[in-house]
Amino acid sequence: MLNLLYSSMMQKDHIKLVLANQLEYSFLLNNRGGIIDDLMITNEGDGYFLVVNASRTKEGLYEIENAANSFSDISINHLEENGMIAIQGPKAKDVVGEYFKEVNETMYFMDFIHTKYNGNEVRISRIGYTGEDGFEISSNSETIFEITKSISSDERVTMCGLG
C-alpha cells in the first residue's frame with residue numbers, strides 16, 4: 001500500500017489503515033504536493049513511528065510539524081538521540097536472528113517488533129529496500145553502537161555506507 005503522508009495527516013482516517021505492528025512505505029509531501037522524500041510509517045498500536053532519511057531530517061521534520069499543527073491531537077517527538085543500522089542481504093535473517101531471537105519465521109516483510117538488547121529498548125523492522133531481505137534496527141545511539149560492533153564482527157557481514 002502506498003500512502004502520501006501529507007494527505008494522510010489532512011485525512012487522518014487514511015493513516016489508520018496501517019495495521020498494528022506493520023509498516024508502510026510512503027512519501028512525505030510538501031503542502032503543494034511536491035515530494036520531499038520517502039519514509040517508513042510504523043503503527044506501534046498507541047501511535048505512529050516515522051523514519052525520515054537522515055539526509056533530509058530537517059526538511060522532513062519541518063513539513064511534518066507544520067502538517068501536525070493543523071490538529072489538536074497530534075504530537076511530534078523527534079528522537080534525536082536515536083540511531084539506526086540496516087542489515088540487508090540473503091543472510092540478513094540468519095545474522096539478525098542470532099542477536100534477536102524474536103526475529104524468526106513469524107516476522108514477515110513489513111513487520112515490526114519491540115525488543116531489548118542488553119536491557120535497552122530496540123525497534124526492529126523487516127524491510128528490504130535493496131531488493132534483498134533486510135532489517136532496520138533502531139535504538140538509542142549507545143545501544144546502536146554496541147549492536148553495530150557486535151554484528152560487524154560477524155564474518156557474513158560487510159559494512160558499507162549510504163550517502
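A short tour of the structure in this document, coming up.

1. Side note on the overall build of the protein
Within the protein one finds five helices and eight strands. The N-to-C order of helical and strand elements in the protein reads β-α-α-β-β-β-α-β-α-β-β-β-α. Evaluated residue by residue, the protein yields a buried proportion of 40% over its 163 residues. Partitioning the contacts of the protein with sequence separation of at least 6, the portion at a separation of at least 24 is 47%.

2. What to know about the nonpolar core
Core analysis: the largest hydrophobic core is formed by 18 residues, its most contacted members being Phe100, Ile124, Ile137 and Ile147. Of all elements in the fold, only β5 (82-88), α4 (92-99), β6 (112-117), β7 (120-126), β8 (134-140) and α5 (141-152) reach the threshold of two or more residues within this core. Beyond its immediate chain neighbours, meaning those up to four positions away, isoleucine 147 contacts Ile85, Phe100, Tyr117, Val122 and Ile137. Among the nonpolar cores identified, the runner-up in size contains seven residues, and Leu23, Phe49, Val51 and Phe112 belong to it.

3. Quick notes on the pairing of β6
Where β6 meets β7, six bridges bridge the pair, whose relative direction is antiparallel. Counted as the bridge partner of isoleucine 113 is isoleucine 124 from β7. The antiparallel hairpin formed by β6 and β7 contains two residues in its connecting segment, where asparagine 118 sits at a positive phi of about 50 degrees.

4. As for the pattern of salt bridges
Tallied over the full model, the rule gives six salt bridges. Its salt-bridge partner being arginine 123, residue glutamate 44 comes within 2.7 Å of it at the nearest N-O pair. On the criterion of sequence distance, the pair formed by glutamate 44 in the loop between β3 (35-43) and β4 (48-52) and arginine 123 in strand β7 is long-range, its members being 79 residues apart. When sorted by exposure, glutamate 44 lands in the same class as arginine 123, which is buried. The closest approach of N and O atoms between aspartate 133 and arginine 126, which form a salt bridge, is 2.5 Å. On the accessibility criterion, arginine 126 (11% relative accessible area) is buried.

5. Points about the packing of aromatic side chains
What the rule picks out here adds up to two aromatic pairs. Measuring from ring centre to ring centre gives 5.5 Å for tyrosine 25 and phenylalanine 27, while their planes differ by 70 degrees; the resulting arrangement is edge-to-face. Relative accessible area serves as the criterion here: at 33%, tyrosine 25 is assigned to the partly exposed category. Measuring from centroid to centroid gives 5.7 Å for phenylalanine 100 and tyrosine 117, while their planes differ by 45 degrees, and the two rings are tilted. Placement of the pair is phenylalanine 100 in the loop between α4 and β6 and tyrosine 117 in strand β6, with a sequence separation of 17 residues. Taking relative accessible area as the criterion, phenylalanine 100 reaches 0% and is therefore assigned buried. In this structure, arginine 123 packs its charged tip against the face of phenylalanine 49, placed 3.8 Å from the ring centre.

6. Digging into the pairing of strand β2 (residues 23-29)
Extensive coverage of β2 is indicated by the burial of six of its seven residues. One ladder, built from seven bridges, connects β2 with β3; its direction is antiparallel. Pairing of phenylalanine 27 across the sheet is with aspartate 38, part of β3. Linking two consecutive strands that pair antiparallel, namely β2 and β3, is a turn of five residues; a positive phi of about 90 degrees is found at glycine 33 within it.

Rules used throughout
- Residues numbered from 1 in each chain as written.
- Predicted model: local features only at pLDDT ≥ 70, side-chain atom pairs only at ≥ 80, totals over all residues.
- Heavy atoms only, no water.
- Helix = DSSP H or I, 4+ residues; strand = E, 2+ residues; numbered from the N terminus.
- Buried < 20%, exposed > 50% of the residue type's maximum accessible area, 1.4 Å probe, protein only.
- Contact = heavy atoms within 4.5 Å.
- Core = buried A, V, L, I, M, F, W, Y, C linked by side-chain atoms within 4.5 Å.
- Pairing = 2+ DSSP bridges.
- Salt bridge = Lys/Arg side-chain N within 4 Å of Asp/Glu carboxyl O.
- Phe/Tyr/Trp six-rings, centres within 6.5 Å; stacked < 30°, edge-to-face > 60°.
- Lys NZ or Arg CZ within 6 Å of the ring centre and 35° of its normal.

What is shown is where atoms sit, not what they do.
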